[in-house]
Amino acid sequence: MTRILLLGGTTEAGAMARALSEAGTEAVFSYAGRTENPAPQPLPTRIGGFGGVEGLLLFLRENGISHVIDATHPFAEGMSRNAIAACARAGVALIALERPAWTPQPGDRWTRVADYAAAARALPGDGSTVFLAIGRQNLAPFVGLNHRWLLRFAEVAAHPLRDATLIASRGPYTVAGDVALMQRHAVAHVVAKNAGGRAAEAKLAAARQLGLPVVMIDRPALPHRRSVATVAEVMAWLHGADRGV
C-alpha cells in the first residue's frame, strides 16, 4: 500500500499536496512549524519537527510510510539530510521536489559564496544599507557588522540585528515593488540565498535594474538523492512505484 509523507513548507509542496489529494492518494503533509499561520492543505497535516533522524525513522515505521516526498525549502538542509538518512535505514523510497536554482543574467553583479558566514565577510562594512533577504533563522553572522539592515519576514518576529528596519510581508513580490522598496530605503547591497522559484525572484531583477551588487549564497550540498523539478515528475515516479517499476 502506498502511504506518503510530504515534507512541505514551499509553494511547490502546496501544489504537490493538491495533486496527491486530487489523485486520492493516502498522504500526510508535514510542516516544520516555523510559521505561525501556515496555509491550509487538502491533506491531513502535522506541524513540528520529528526529533532528528531517529524520530523521523520512528514516524515512518509507526505510520506505515512507503514513500517520502521532500518538498522543503532548498535551504532546509537539516530536514533534507534527516530524510535521506531515515529513508535509507527504513527502506522507504525518497524523492525531492526541488525548484531549479537561479542563474545570473546579463547585468547581474553577483558574488557567490558558500554560506552565511562567507556572505557576512563579503560585505564592505561601510555603514551602507543592506537588504538582508535570507529570512530570520540565519542572522547571527551579521550581528555587529557596520551596516544598516532592511529585513523582510513573512510575519513580525524578533531578530538580533541593531539598526534594522523590518517589513512583514508575504510574496510573491513584483519587480516594481522591490525597486521602489530598495530606493525608499537607499539599499546599496542585497544578500540572498539561492532559493530559486518565482515568488522571491523579483528582488534579483530589481537589483539588476538598479545596478546593485548581490551576495548570493549557494545551496547547501546534500548527499545524492533522486530529485525532480515538477509535480508531474513526482506523480509519474509514484505511478511507476505503484506498478513496481
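Residues numbered from 1 in each chain as written. Predicted model: local features only at pLDDT ≥ 70, side-chain atom pairs only at ≥ 80, totals over all residues. Heavy atoms only, no water.

Q: Can you break down the overall build of the chain residue by residue, with the values?
A: Looking only at helices and strands, the chain has seven helices and twelve strands in total. Taking the principal axes of the C-alpha coordinates as reference, the chain spans close to 60 × 35 × 30 Å. Taking all 245 residues of the chain together, 44% fall into the buried category. Excluding contacts between residues fewer than 6 apart, the proportion of contacts in the chain whose partners are at least 24 apart in sequence is 64%. Carbon and sulfur atoms provide 51% of the accessible area of the chain, an area that totals close to 11,900 Å². Charged side chains of the chain number 25 positive and 19 negative; the gap between the two group centres comes to 2 Å. (Helix = DSSP H or I, 4+ residues; strand = E, 2+ residues; numbered from the N terminus. Buried < 20%, exposed > 50% of the residue type's maximum accessible area, 1.4 Å probe, protein only. Contact = heavy atoms within 4.5 Å. Areas by Shrake-Rupley, 256 points an atom, 1.4 Å probe, with all protein chains shown as cover. Lys, Arg positive; Asp, Glu negative; His and termini not counted. Charge placed at Lys NZ, Arg CZ, Asp CG, Glu CD.)

Q: Residues and numbers for the nonpolar core, please.
A: With 20 residues, the main nonpolar core has Leu132, Ile134, Phe142, Trp149, Val191 and Ile217 as its most contacted residues. Among the secondary structure elements, those contributing two or more residues to this core are helix H4 (116-122), strand E7 (129-133), strand E8 (148-153) and strand E11 (214-217). The element that contributes the greatest number of residues to this core is H4, accounting for four residues. With residues up to four places along the chain from it excluded, the contact list for Phe142 reads Tyr116, Ala119, Ala120, Leu123, Leu132, Ile134, Trp149, Leu161 and Val191. (Core = buried A, V, L, I, M, F, W, Y, C linked by side-chain atoms within 4.5 Å.)

Q: How would you summarise the packing of helix H5 (residues 175-184) against helix H6 (residues 202-210) if you had to cite specific residues and measurements?
A: With their axes 8 Å apart at the nearest point, H5 and H6 run at an angle of 60° to one another. Here H5 lies oblique to H6, going by the angle between them. Taken as a pair, H5 and H6 cross one another with a handedness that is right-handed. Residues Val175, Asp178, Val179, Met182 and Gln183 of H5 pack against Ala202, Lys203, Ala205, Ala206, Ala207, Gln209 and Leu210 of H6. Tallied by class, residues from the contact of H5 with H6 come to eight nonpolar, two polar and two charged. (Axes fitted to C-alpha atoms, helices over the stretch in contact; angles between N-to-C directions. Parallel < 35°, antiparallel > 145°, perpendicular 65-115°, else oblique. Left-handed = near helix turned anticlockwise from the far one by under 90°. Nonpolar A, V, L, I, M, F, W, Y, C, P; charged D, E, K, R; others polar.)

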